[in-house]
Amino acid sequence: MIKSNETAPKRPLSQRFIRSLKKHWQYYILLLPALAYFLVFCYGPMYGAQIAFRNFNARGGITGSPWVGLAHFTRFFNSPYFLKLIRNTLTISLYSLVAGFPFPIILALSLNELKNQKFKKFAQTVTYAPYFISVVVMCGMLISFMSPSTGIINKAVTSLGFEPISFLTREEMFPSIYVWSGIWQGTGWGSVIYFAALSSVDPQLIEAATLDGATRWQKIWYINLPTLMPTIVIMLIMNCGNLLSVGYEKTYLLQNSLNLETSEVISTYVYKVGLVSAQYSYSTAIGLFNSVVNMLMLILVNTFSRRVSETSLW
């Protein structure tokens, strides 16, 4: 006699995939462009990562270059720039994470509380707009605004009776300039995902809380914020996975010889030794080290989140 709790044998993965492909072929067609993008631009270039373990030369090509193992990694670890690069990159990354992460959440919660729809749309447009300014234009604006002689910020400083400040030549100011300009530019766009998550809040919960006499702050704290928590955790995990990935373009454009002590990060150093000095294998080794550390951070933070909560990437 066959027991009622027994189930039919599970089909092989290949058969299940073929069956799903026949049933949902339209979805797979829509998936093809995204799949092609990742194959060409993400997985394809991984073949070239092997030059981090070779002394690459253009005549011999990748496979024709001699194998040197971990020599380039050892050179980077023993370099006098190693500790400075790690320190500067971590300083800017952690500063950006701690200072900038809460702002999109606060903005989304604030916009969600606005009752006037016209003003809400206006506020959204104003806060989203800076994100669409290119990095080059943004850096040009910062350089112009903070100019010691003609900058609008220094004009305000001198009008108060103080001496003008050369912001971009003072190395201790560079992390704050980088971080807070990024917060201003990205807060509005970063709030979009949280604002979308707030749309899933059950209106009946809000109505019930209102009838029970809950204040606006209590509804935010006990209803809206718990709804956002899974999204907040996922975004935090993804940000931790980019801990050593400080944007190259903005850093390089704001960099000068006087603030180099705090503005030189891994990405700018890779550009200089790789493309400017043509040390392709050495720069690839540094970039690969950066990617491996980011991957390990992503795995560690995701594992920790999965153990202490029910939210994780996998």
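Participant: Just checking my understanding: could you explain the overall build of the protein chain for this structure?
Facilitator: Across its full length, the protein chain holds 16 helices and zero strands. At 26 Å, the protein chain has a C-alpha radius of gyration far larger than the 20 Å of a compact globule built from 314 residues. Going through the 314 residues of the protein chain one by one, you find that 32% of them count as buried. When the accessible surface of the protein chain is summed, it comes to about 20,100 Å², and 67% of that surface belongs to carbon and sulfur atoms. A distance of 13 Å separates the average location of the 24 positive side-chain charges in the protein chain from that of its 12 negative side-chain charges.

Participant: I tried to follow the packing of aromatic side chains on my own but got confused; where do I start?
Facilitator: For any pair of aromatic rings, the description rests on two quantities: the centre-to-centre distance and the angle between the ring planes. One pass over the full model with this rule turns up 23 aromatic pairs. Arranged with centres 5.3 Å apart and planes meeting at 40°, the rings of Tyr37 and Phe41 form a pair that is tilted. You can see Tyr37 and its partner Phe41 sitting in helix H2 (residues 25-43), four residues apart, about one turn around the helix. Here Tyr37 falls in the partly exposed class, since its relative accessible area comes to 46%. A residue is classified by how much of its surface remains accessible, and Phe41, at 56% relative accessible area, is exposed. Taking NZ or CZ as reference, Arg75 lies 3.8 Å from the ring centre of Tyr282, over its face. Geometry around Tyr178 places Lys250 over its ring, the cationic atom sitting 4.8 Å from the centre.

Participant: Hey, could you run me through the environment of Ile223 in this one?
Facilitator: Assignment of secondary structure puts Ile223 in helix H12 (residues 216-240). Judged by its relative accessible area of 12%, Ile223 is buried. In the structure, Ile223 is positioned 18 residues away from Leu205 in sequence and 7.6 Å away in space, judged by C-alpha atoms.

Rules used throughout
Residues numbered from 1 in each chain as written. Predicted model: local features only at pLDDT ≥ 70, side-chain atom pairs only at ≥ 80, totals over all residues. Heavy atoms only, no water. Helix = DSSP H or I, 4+ residues; strand = E, 2+ residues; numbered from the N terminus. Rg over C-alpha atoms; globule rule 2.2 N^0.38 Å. Buried < 20%, exposed > 50% of the residue type's maximum accessible area, 1.4 Å probe, protein only. Areas by Shrake-Rupley, 256 points an atom, 1.4 Å probe, with all protein chains shown as cover. Lys, Arg positive; Asp, Glu negative; His and termini not counted. Charge placed at Lys NZ, Arg CZ, Asp CG, Glu CD. Phe/Tyr/Trp six-rings, centres within 6.5 Å; stacked < 30°, edge-to-face > 60°. Lys NZ or Arg CZ within 6 Å of the ring centre and 35° of its normal.

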